[in-house]
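# Inside the fold
The primary structure of each chain is shown beneath.
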Amino acid sequence: MALTAGPVLAAERSRPDLLPDCAYGTSAPGLRSFESHVQRDAWAYADRLTTGSTAERLAAAKTFAAAEVAYVYGLPLVEVHDTVRQFRLRNTIVSIAALTTPESRRVVSPNVDTAYTVGWLSLAQGPLVIDVPDTGGRFYTFQFMDAWSNSFAYVGSGATGTKAGSYLLAPPGWTGEVPPGVRVLHSPTRTVWLLGRTLVDDAADLQRARPLLQRYVATPLPAWRLGVRGRSVVFDQPPPAQAKPARPTGVDFIAALNRQLTLDPPPAAQACVLDALAPAGVQYPNPSPVAVQAADVADVAGNPSGFGPGTAPDPAVTAGTSAAVRLVADAARSYRATTSAGRHGWSVMVDPWIGDFGRQYLGRAVIATDLLGANVPRIATYPTSYQDDGGRPLSGRHRYTITFRKGQLPPVNAFWSLTMYQQDNYLYANQVDRYAVGDRTRGLHYGKDGSLTVYVQHDPPKDPAARANWLPAPSDPFHLILRLYLPKRTALDGSYQIPPFIRSR
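Residues numbered from 1 in each chain as written. Predicted model: local features only at pLDDT ≥ 70, side-chain atom pairs only at ≥ 80, totals over all residues. Heavy atoms only, no water.

Roughly 630 Å³ of volume is contained in the largest pocket. Lining the largest pocket are 25 residues, and of these A332, R333, R336, D370 and Y386 lie nearest its centre. Secondary structure elements with two or more residues in the lining of the largest pocket: α3 (54-84), α9 (315-340), α10 (361-370) and β19 (478-487). Here the residues of the lining of the largest pocket are counted per class, giving 12 nonpolar, nine polar and four charged. (1 Å grid on protein atoms, 1.4 Å probe; cavity = no way out; pocket = protein on both sides within 12 Å on 5 of 7 lines; lining within 4 Å. Points joined across faces, edges and corners; volume = space filled by probe spheres on them. Helix = DSSP H or I, 4+ residues; strand = E, 2+ residues; numbered from the N terminus. Nonpolar A, V, L, I, M, F, W, Y, C, P; charged D, E, K, R; others polar.)

It is worth spelling out the packing of aromatic side chains at this point. With the rule as written, the count across this model stands at 19 aromatic pairs. Seen from their ring centres, Y73 and Y361 are 4.9 Å apart, and the 85° between their planes marks the pair as edge-to-face. Taken together, the positions of Y73 in helix α3 and Y361 in helix α10 put the pair 288 residues apart, joining distant regions of the chain. Each member of the pair, Y73 together with Y361, is buried. With a centroid separation of 4.6 Å and 15° between ring planes, the pair formed by F415 and Y485 is classed as stacked. In this pair, F415 is assigned in strand β15 (residues 412-422) and Y485 in strand β19, connecting sequence segments 70 residues apart. Judged by its relative accessible area of 1%, F415 is buried. Judged by relative accessible area, Y485 falls into the buried class, the value being 0%. (Phe/Tyr/Trp six-rings, centres within 6.5 Å; stacked < 30°, edge-to-face > 60°. Buried < 20%, exposed > 50% of the residue type's maximum accessible area, 1.4 Å probe, protein only.)

Moving on: the sheet that holds strand β17 (residues 452-457). If you trace the four strands from one edge of the open sheet to the other, you get β18-β17-β14-β20, paired in mixed fashion. The sheet is open, and its two edges are formed by β18 (470-472) and β20 (502-503), each paired on a single side. When β17 meets β18, the two strands line up parallel, connected through three bridges. Note on β18: the bridge partner recorded for Q457 is P472. (Pairing = 2+ DSSP bridges.)

Trans peptide bonds make up the majority, and among non-glycine residues the majority have a negative phi. Of note in this structure, R88 is not a glycine but carries a positive phi near 70°. With respect to the helices and strands, the residue R88 is situated in the loop between α3 and β1 (94-96). According to the relative accessible area criterion, R88 is partly exposed, its value standing at 43%. Within the chain, N91 stands out as a residue other than glycine whose phi angle is a positive 60°.

Moving on to the pattern of salt bridges. Per the stated rule, a full pass over the model turns up 20 salt bridges. For D205, the salt bridge goes to R208, with nearest N and O atoms at 3.1 Å. Taken together, the residues span about one helical turn, with D205 and R208 both in helix α4 (residues 203-213) at a distance of three residues. The class of D205 is buried, set by a relative accessible area of 6%. One salt-bridge network, in which partners are shared between bridges, spans D82, R85, R259 and D299. (Salt bridge = Lys/Arg side-chain N within 4 Å of Asp/Glu carboxyl O.)

The buried fraction of strand β5 (residues 151-156) is high, at five of six residues. The sheet contact formed by strand β4 (residues 140-146) and β5 spans five bridges and is antiparallel. When the bridges of β5 are listed, Q143 appears paired with Y154. Hairpin connection of β4 to β5: four residues between the antiparallel strands, including S149 at a positive phi of 80°.

It is worth spelling out the nonpolar core at this point. Nonpolar side chains in soluble globular proteins generally cluster together in the buried interior. Counting 76 residues, the largest nonpolar core has L19, F34, V69, V72, L257, V282 and W353 as the members making the most contacts within it. Secondary-structure elements contributing two or more residues to this core are α2 (34-48), α3, α6 (250-263), α7 (271-276), α9, α10, β15 and β19. The leading source of residues in this core is α3, at 14 residues. Filtering out sequence-adjacent residues up to four positions away, L257 remains in contact with A70, G74, L77, V78 and V282. (Core = buried A, V, L, I, M, F, W, Y, C linked by side-chain atoms within 4.5 Å. Contact = heavy atoms within 4.5 Å.)

Orientation of α3 relative to α6, taken along the N-to-C sense of each, is 65°, at an axis distance of 9 Å. With respect to their mutual orientation, α3 and α6 come out roughly perpendicular. Where α3 crosses over α6, the handedness of that crossing is left-handed. Of α6, the residues touching α3 (which contributes A70, Y71, G74, L75, L77, V78 and H81) are F253, I254, A256, L257, Q260, L261 and L263. In the contact of α3 with α6, the residues fall into 11 nonpolar, three polar and no charged. (Axes fitted to C-alpha atoms, helices over the stretch in contact; angles between N-to-C directions. Parallel < 35°, antiparallel > 145°, perpendicular 65-115°, else oblique. Left-handed = near helix turned anticlockwise from the far one by under 90°.)

It is worth spelling out the environment of L480 at this point. Looking at the element boundaries, L480 is found in strand β19. For L480, a relative accessible area of 0% translates into the label buried. Taking C-alpha positions, L480 is 29 Å from Q207, a pair spaced 273 residues apart along the chain. With sequence-adjacent residues up to four places away left out, L480 is seen in contact with W346, P383, T384, S385, L394, L418, T419, M420, L471 and F501.

Below, the discussion takes up the state of the cysteines. Every disulfide links exactly two cysteines, by a covalent bond between their sulfur atoms. In this structure the tally under the stated criterion is one disulfide. With a sulfur-sulfur separation of 1.9 Å, C22 is cross-linked through a disulfide to C272. Because the torsion about its S-S bond is -75°, the bridge between C22 and C272 counts as left-handed. Of this pair, C22 sits in the loop between α1 (10-13) and α2 while C272 sits in helix α7; the two residues are 250 residues apart in sequence, bridging distant segments of the chain. (Disulfide = S-S within 2.5 Å.)

In structure tokens:
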């Protein structure tokens, strides 16, 4: 399904542009027509108004357009803050010495290959030093994301290696003295989301990995200079998740966005965007220390009061943000269709802007909705399938197989896994507690020709060999993600073709 605003009538072409070009950023295949979509939505809204002068209708159209674009532009910022706030402990690195289960709902589309490490890191008071141990060659990766969901630095496998190290996480504009032997990671924002993944094979291996998790620590730079080290927190089971607030819309979204903008403004080069969004109530960040401190306190509490355009709902803002929700969903379908063309129904997202979004505002919103926290492609890729070989939606009402011929397993330098997800992007609870099949799955049955066939269906296969390779599916629609960590060149340049899902019933 293509993202399109529909045919543009001659009368609409003669109407003035509602926002400057800078508000829409850049486009990519499958993510075009952002501007025309907004223009059409906004003028359609203005045309439905039954009262008001021509000037008032034009103002309403501009407010609508600004709100729709503000939602797309600001969604990742609001989502990152809402996500890290669930971790509760600021500037403390928290690890979970357990593999993900269907009850794990802190991060969408979680993997079941690694122990997760998370950190809500605030640089509002100055730099932090991140210490990591020598993992003895065990795969791990620390992904440092700014408040806009850009992965601005990596530590670990595929980046700095697996030896012990200390890394100074510096806030914007910091120019202090760096301790000897410490590497600097410059953060574009005061808020940093640390998402770490440490490879774990099974429950027994978790116990071997636990001492490593305990040595992932963050320490304020002044204390670190004095020889003090921060504490780590390792849970044997994920703590009860806080209820993540519903994603706001209307003036509530604008208020939340304004609060985050004060804490974590965008690059100066994007000032034009904020100016364009002013009709919807988006405020240019106040850089004063008092304002930043107030925004920080409000952010911890999750309270946008005082940062919005007022508590009274604005119909144009409400309608514009609601239209943006639909626009992002349409863009996600369009992007999946474009990236799956000629790939047996697999959406292979290896575009270089993923994880380093720049001015790709619509693409950034799409990733924030379905794959928030996705790595840059050189660290990991996430081919996703919603369809079988005939282009039909995957559903537990049918049975499927996927066969990797000998020598055609996913090409990686680290590991791969094929994970089942429900429609809500979380794991499917099943009778055998199997959520993925991968290169470390024990007991898989290979054919005489060296091929590997995975059976994807709701009910267990009757044949014992097929049951060994069974990946349980829910009874309703589902999708799968094929994770490739440290993918080889053939996985990134398109020369490796993932086999399709074949429907047998």
